[in-house]
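# Structure at a glance
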Amino acid sequence: MIQKTVTVNNEHGLHARPAALIVRTATKFRSDFFIERDGVKVNGKSIMGVMMLAAENGAVLTLSAEGVDAEYLIEEIAAMIEGGFGT
Amino acid sequence: MRELTVKQLFEDKRKDFALSLVTEPQTINKKIVTPYFNRPGLALAGWLEVFTPERIQIFGEAEVRYLQSLKEQTMLERLREFFKMDIPCVIISKGLSLPPSVEYLANDFNIAIFSSRLSTVQLISQINRYLMDVFALEKTIHATLVDVFGLGILITGKSGIGKSECALDLISRGHSLVGDDMINMRNLNDKIIGRSGREFGHFMEIRGVGVVNVEKMFGIERVRHEKTIDMQIELMPWQENTEYERIGLKGNYVEHLGVKLPIIYLPISPGKNVSVIVEVAAMNQILKGVGYDAAEDFNRKIHEEIRKQTLFKKVQATEDDPKNGNSK
């Protein structure tokens, strides 16, 4: 299992569009993917789950993935979140 | 676009427009090429510059009274100029009539004059409706059209994907069928009206069973002759690496005959109950129609939650800050 801690870096946090982007990216990989915040852990491939986190700017998330391409998945998603979704 | 002759108009609408032919029978062979009509008031007064001769010319009381006010010589002169423009036909409303010399002149120019007992307003609205219908843009496509909760839903997708089966399921759940396999679409006042491409009843082919007659099987209340198409649902095989709509914030649209319709790309896989999803899509569309967008609402709630968290964090940060006590 691979884990990484990231900080949400875009102004409005993980609202619908960024959440959709995360889920869309995650589903390209075969590994299982979870996002954890303050003890709440959701499936990173479920859009409702990711949105329900309501992660604001500055929130600290723990990403974890398990599977053949876990490393790449974490790398890509972490870059996306910390890069503020390209904004 | 269909072609229309004056003769066909007369045969189709003789009763509805309360028409009678004033001129000789051979005058009705002209073609009508546009779905518009014209009130030629100014043209009759002699100003022919922005005149549209290719349209059906309607004489109301104003035109007739004006012509009657002229000296016969002048009137015939003006009408001669008018008829020279090769107009398709003239319809006089309110059962009014012009002197016989006008009839002779029209016969000479081979232009039909009809008299209608309808009032000018009635005549114009009826003619407009008829011409719009005849000249409507149309096309026929491979699809199935159903009425779900009063919404016309066009189901498209490759042959064999299960359009008919989906429609059948919807019919047995109480919705109705407009047409299967071949749907004729027409643009009427920027609404797409769909009907079966075949005129001989509501038959359907169900793979493994054969042809069934929906009207006979489910009753007359489960079939419709035509329906405005409100949205399209495209059935497609589930593919691993394709992205499907997850939230619904950005709507997809498809264009038919110049009209934009919302479209849903619906991936199907074994065990998925497509007809229930179609029902849900229809209800969601109805809600959008009355101003409620679930995706927007949900996103707004998430935004609110995020804002609360941010505020909470700020408050905590200021409380924790030792310098805070000195500032106001």
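Structural notes, computed from the coordinates. Just so it is clear, the model here is predicted, and its values are computed rather than measured. (Residues numbered from 1 in each chain as written. Chains lettered and ligands numbered in written order. Predicted model: local features only at pLDDT ≥ 70, side-chain atom pairs only at ≥ 80, totals over all residues. Heavy atoms only, no water.)

### Description of the overall build of chain B
We count it as follows: A run of DSSP states H or I qualifies as a helix once it reaches four residues; a run of E qualifies as a strand once it reaches two. Both are numbered from the N-terminal end. The atom set for the radius of gyration is the C-alpha atoms, and the globule formula is 2.2 Å times the number of residues raised to the power 0.38. Note on contacts: a residue pair qualifies if any of its non-hydrogen atoms lie within 4.5 Å across the two residues. Accessible surface area values rest on a Shrake-Rupley calculation with a 1.4 Å probe, where residue burial reflects the displayed protein chains alone.
Looking only at helices and strands, chain B has 10 helices and 19 strands in total. By the compact-globule yardstick of 20 Å for 328 residues, chain B is too spread out, its C-alpha radius of gyration being 30 Å. The principal-axis extents of the C-alpha atoms in chain B amount to approximately 105 × 75 × 30 Å. Taking all contacts inside chain B whose residues are at least 6 apart in sequence as the whole, residues at least 24 apart take part in 69%. Accessible area of chain B: about 18,200 Å², with a carbon and sulfur share of 51%.

### A short note on the interface of chain B and chain A
Convention followed: For any pair of parts, buried area is found by adding up, for both, the accessible area (1.4 Å probe) each one loses once the two are put together. Any Lys or Arg side-chain nitrogen located within 4 Å of an Asp or Glu carboxyl oxygen qualifies as a salt bridge.
At the junction of the two partners, chain B supplies 13 residues and chain A supplies 24 residues. Buried area between chain B and chain A, summed over both chains or domains, comes out near 1,500 Å², and the portion from carbon and sulfur atoms is 65%. Considering only the surface of chain B that becomes buried against chain A, Arg246(B), Phe298(B) and Ile306(B) emerge as the three largest contributors, covering 35% of it. At the boundary of chain B with chain A, the tally comes to one salt bridge. The partner of Glu56(A) in a salt bridge is Lys313(B), and the shortest N-O contact between them spans 2.9 Å.

### Notes on the packing of aromatic side chains
Given two aromatic rings, their pairing is described by the distance between the two centres and the angle made by the two planes. Put simply, the rule is: Two rings from Phe, Tyr or Trp (for Trp, the six-membered ring) form a pair when their centres are within 6.5 Å of each other. A pair whose planes differ by under 30 degrees is stacked, one over 60 is edge-to-face, and the rest are tilted. Here the term buried applies to any residue with accessible area under 20% of the maximum for its type, exposed to any over 50%, and partly exposed to those in between, with areas from a 1.4 Å probe on protein chains only. Working rule: Lys NZ or Arg CZ, within 6 Å of ring centre, within 35 degrees of ring normal, means a charge sits over the ring.
Here the structure, examined in full by the defined rule, presents six aromatic pairs over all chains. Between the aromatic rings of Phe83(B) and Phe109(B), the centroid separation amounts to 6.0 Å while the plane-to-plane angle is 50°, which identifies the pairing as tilted. Here Phe83(B), found in helix α4 (residues 72-84), pairs with Phe109(B), found in helix α5 (residues 100-109); they are 26 residues apart in sequence, far enough to count as distant. For Phe83(B), a relative accessible area of 3% gives the class buried. Cluster of aromatic residues (ring-pair linked, three or more members): Phe51(B), Phe59(B), Phe82(B), Phe83(B) and Phe109(B). Sitting over the face of the ring of Phe34(A), Lys41(A) holds its NZ or CZ atom 5.2 Å from the ring centroid. The ring of Tyr253(B) carries the charged tip of Lys260(B) above its face, separated from the ring centre by 5.0 Å.

### With respect to helix α1 (residues 6-13) of chain B
Worth spelling out the cut-off: The arc in question is the one spanned by the directions pointing from the helix axis to the C-beta atoms.
Listed in full, the buried residues belonging to α1(B) are Val6(B), Leu9(B), Phe10(B) and Lys13(B). Summarising the axial view, the buried residues of α1(B) lie within an arc of 100°, below the 170-degree limit, and thus occupy one face.

### Considering the sheet that holds strand β8 (residues 138-142) of chain B
Residues and elements named next belong to chain B. Note the threshold: Strands were regarded as paired on the criterion that DSSP finds at least two bridges between them. Here, axes are lines fitted to C-alpha atoms. For helices the fit covers the stretch in contact, and angles between N-to-C directions go from 0 to 180 degrees.
Strand order in the open sheet made by the four strands is β8-β12-β13-β16, with antiparallel pairing throughout. In this open sheet, the two strands that pair with only one neighbour each are β8 and β16 (226-228). Across this sheet, the average inter-strand angle for adjacent strands is 30°, counted without regard to direction. By the bridge criterion, six bridges tie strand β12 (residues 182-188) to strand β13 (residues 191-196) in an arrangement that is antiparallel. Within β13, the position partnered with Arg-186 by the bridge is Ile-193.

### Things to note about the side chain of Asn299(B)
With respect to the secondary-structure elements, Asn299(B) resides in helix α10 (residues 294-320). You can call Asn299(B) buried: its relative accessible area is 8%. What Asn299(B) contacts, discounting residues up to four positions off in sequence, is His15(A), Ala16(A) and Leu249(B).

### Structural notes on a nonpolar patch on the surface
All names here are of chain B. To be explicit about the condition: For patch detection, residues must exceed 30% relative accessible area and be free of salt bridges, and they are connected within 9 Å for like charges or within 5 Å for nonpolar side chains (Val, Leu, Ile, Met, Phe, Trp, Tyr).
On the surface, a cluster of nonpolar side chains totalling about 390 Å² of accessible area is made up of Phe-149, Val-276, Val-280, Met-283 and Ile-286. The residue Ile-286 is located in helix α9 (residues 274-289) in this model. Since its relative accessible area comes to 32%, Ile-286 is described here as partly exposed.

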